[in-house]
Amino acid sequence: MAISSQRRAIQNYRSRLSERGLARFEVLGLETDRDLIRTLARRLAEGGPEASRLRAAVSQGIAGEPPRKGGILAAFRRSPLVGADLDVSRPREEGRTVDL
């Protein structure tokens, strides 16, 4: 009787996971990478923009493709300071004289 209740509990748990869009699976790896893989899986499961960036970085690292051009420009365009009219110029000064 305990076996069937245990199976039912596992089945319920897995159905709740699938309702959230998650799947449980097993991977093989080195013992030293256990925490890394768990942390990676947890971050990817959280979703959001950070998970998308992490997913893209891992995919790019595995594929071995060179990074796309314009990434820094795109980051500057996403900045909250866009349109803030900041004055980032500085006065041009001559250096000090150095006695060699």
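Residues numbered from 1 in each chain as written. Predicted model: local features only at pLDDT ≥ 70, side-chain atom pairs only at ≥ 80, totals over all residues. Heavy atoms only, no water.

Turning our attention to the overall build of the chain. Scanning the chain from N- to C-terminus turns up 4 helices and 0 strands. Over its C-alpha trace the chain gives a radius of gyration of 25 Å, far above what one expects of a compact globule, namely 13 Å for 100 residues. With the C-alpha coordinates of the chain rotated into their principal frame, the extents come out at 90 × 40 × 25 Å. Element-wise, carbon and sulfur atoms account for 54% of the exposed surface of the chain, whose accessible area totals about 10,300 Å². For the chain, the centre of its 19 positive side-chain charges and the centre of its 13 negative side-chain charges are spaced 12 Å apart. (Helix = DSSP H or I, 4+ residues; strand = E, 2+ residues; numbered from the N terminus. Rg over C-alpha atoms; globule rule 2.2 N^0.38 Å. Areas by Shrake-Rupley, 256 points an atom, 1.4 Å probe, with all protein chains shown as cover. Lys, Arg positive; Asp, Glu negative; His and termini not counted. Charge placed at Lys NZ, Arg CZ, Asp CG, Glu CD.)

So, on to the packing of helix H2 (residues 34-46) against helix H3 (residues 48-63). Angle between the axes and distance between the axes: these two values describe a pair of packed helices. Where H2 meets H3, the axes come as close as 7 Å, and the angle between the chain directions of the two elements is 130°. Here H2 is positioned oblique relative to H3, judged by the angle of their axes. Viewed along their axes, H2 and H3 form a crossing whose handedness is left-handed. Contacts between H2 and H3 involve Leu40, Arg43, Leu44 and Glu46 from the first element and Gly48, Glu50, Ala51, Leu54, Arg55 and Val58 from the second. For the contact of H2 with H3, a count of residues per class yields 5 nonpolar, 1 polar and 4 charged. (Axes fitted to C-alpha atoms, helices over the stretch in contact; angles between N-to-C directions. Parallel < 35°, antiparallel > 145°, perpendicular 65-115°, else oblique. Left-handed = near helix turned anticlockwise from the far one by under 90°. Contact = heavy atoms within 4.5 Å. Nonpolar A, V, L, I, M, F, W, Y, C, P; charged D, E, K, R; others polar.)

The terminal C-alpha atoms of H2, which comprises 13 residues, lie 19 Å apart, in line with the 18 Å expected from a rise of 1.5 Å per residue. After H2 finishes, the residue glycine 47 shows a positive phi value of roughly 80°. (Expected span 1.5 Å × (residues − 1).)

For the chain, per-residue confidence averages 85 on the pLDDT scale, and 96% of positions sit at 70 or higher. Mean pLDDT across the elements of the chain bottoms out in helix H4 (residues 71-78) (82) and peaks in H2 (91). (pLDDT = per-residue confidence, 0-100.)

Moving on, we get to the pattern of salt bridges. This model, assessed by the stated rule, comprises 2 salt bridges. Close ionic contact of glutamate 31 with arginine 34 constitutes a salt bridge, the shortest N to O distance being 3.0 Å. With a shortest N-O distance of 3.6 Å, glutamate 50 and arginine 43 are connected by a salt bridge. With a relative accessible area of 46%, glutamate 50 lands in the partly exposed category. (Salt bridge = Lys/Arg side-chain N within 4 Å of Asp/Glu carboxyl O. Buried < 20%, exposed > 50% of the residue type's maximum accessible area, 1.4 Å probe, protein only.)

So, on to the environment of glycine 47. Mapped onto the secondary structure, glycine 47 falls in the loop between H2 and H3. Remark: the alpha-carbon pair of glycine 47 and arginine 7, spanning 40 residues in sequence, is separated by 29 Å.

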